[in-house]
Amino acid sequence: MTIKGKQKSIGHIMLLIVISLYLLAAFLNPTSAYSALISSLSVLKTVLPILLVVLFLMTFINSYIQPKKISQYLGQKSGLKGWLIAIISGVFSHGPGYVWYPMLSDLRAHGVKDSLIIAFFYARSIKVPWLPMMAGYFGITFTVILSFYILAAAVIQGMIAEKLMLTK
Amino acid sequence: MKTEKSIITQSFKNALRTLYTIAPMLLAVIGLVGLFQTYITPQMIHSFFTGSTLYDTLIGTITGAISVGQPFISYIIGGELNDQGISLYAITAFILSFVTLGLVQLPLEYSLFGMRFTLVRNLLSFLFSILVSLVTVYTLEVVI
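Because the structure is predicted, anything quoted here is derived from the model rather than measured.

Caption draft 1: Spotlight on the packing of helix H3 (residues 53-66) of chain B against helix H7 (residues 115-143) of chain B. All names here are of chain B. Where H3 meets H7, the axes come as close as 10 Å, and the angle between the chain directions of the two elements is 135°. Taken together, the axes of H3 and H7 are oblique relative to one another. Along this stretch, H3 crosses H7, giving a crossing that reads as right-handed. Counted together, Thr-57, Leu-58, Thr-61 and Ile-62 of H3 and Phe-126, Ser-129, Ile-130 and Ser-133 of H7 form the full contact between these two elements. Counted by class, the contact of H3 with H7 contains four nonpolar, four polar and no charged residues.

Encoded structure:
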């Protein structure tokens, strides 16, 4: 079976499990099951526009950016430039992480280093639009210190992952 | 030689095919998010904390990983926990793991990136949620 075929069948199994969970929930407590369904639909409504952005980015990358360029900027010899791109794009990426998975998996297939993808994921924990709210709850000093350590942790994790991935 | 239009059309078709392939898994993850948002309530999360800093930091990381929603929800829950005297170490770990770890998205991550990547990334994120919370609150105490 191809990788895509395998992904599809795992997806179908997962979807079947989730549908079964909803049926079970509806059987036990229809009100809660309905409330869960409404929550999911609301998430779907949030995710759809971001998926369109992802679709556009994937099309753009595959049409205009050659794999050679991608590996130059985000591949094995990308250096400091690669870390900066990964972290800055992580901080400014919007929406739930799983929406970005297809594009990142595509980029990975084009030669982007695992360490940079891991750094991207961790840098995503700085949510720029929500920083004022965090500062409101926990103070500006806390927000600045936490953001600084998150950026440092993103790079350190990427470096550790690079070592771990190489020692297969 | 391929024209620009045909390259874009082909790339668009490939991107659509990728999204179509992961659509069932994506719908499953979104379905799970709804279930978790309904059944894992802030009250339930609060009941896990005991008052012990180290234990609560670990609990903060685990409850953050199983919780789902917009990031601001973690600040609201964190604010409530703070008002009820839960240590800032535990709250910081909760906020961090809320956005960096996700139990519901694990199957999708595994299907697209493989077992090794998923394991390494999630283990590192778990450990760093604890470490970053420890150094953040320690630094805050030194600074203030």
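Caption draft 2: Representation of the interface of chain A and chain B. Taken residue by residue, the interface counts 64 residues in chain A and 64 residues in chain B. Between chain A and chain B lies a buried interface of about 6,100 Å² when both sides are counted; carbon and sulfur atoms form 77% of it. The largest share of the area that chain A buries against chain B comes from A:Tyr98, A:Tyr101 and A:Phe138, three residues that together contribute 11% of it. Inspection of the chain A/chain B interface yields 13 residue pairs in polar contact (both at pLDDT 80 or more). Only helix H1 (3-28), helix H2 (30-64), helix H5 (97-109), helix H6 (114-123), helix H7 (131-138) and helix H8 (140-166) of chain A provide two or more residues apiece to the side of chain A that touches chain B. Tallying contributions element by element places H2(A) first for the side of chain A that touches chain B, with 17 residues.

Rules behind the numbers
- Residues numbered from 1 in each chain as written.
- Chains lettered and ligands numbered in written order.
- Predicted model: local features only at pLDDT ≥ 70, side-chain atom pairs only at ≥ 80, totals over all residues.
- Heavy atoms only, no water.
- Axes fitted to C-alpha atoms, helices over the stretch in contact; angles between N-to-C directions.
- Helix = DSSP H or I, 4+ residues; strand = E, 2+ residues; numbered from the N terminus.
- Parallel < 35°, antiparallel > 145°, perpendicular 65-115°, else oblique.
- Left-handed = near helix turned anticlockwise from the far one by under 90°.
- Contact = heavy atoms within 4.5 Å.
- Nonpolar A, V, L, I, M, F, W, Y, C, P; charged D, E, K, R; others polar.
- Buried area = accessible area lost by both parts, 1.4 Å probe.
- Polar contact = N/O pair within 3.5 Å; in protein donor to acceptor, adjacent residues only side chain to side chain.

Note that all results are geometric; they support no functional claim without further evidence.
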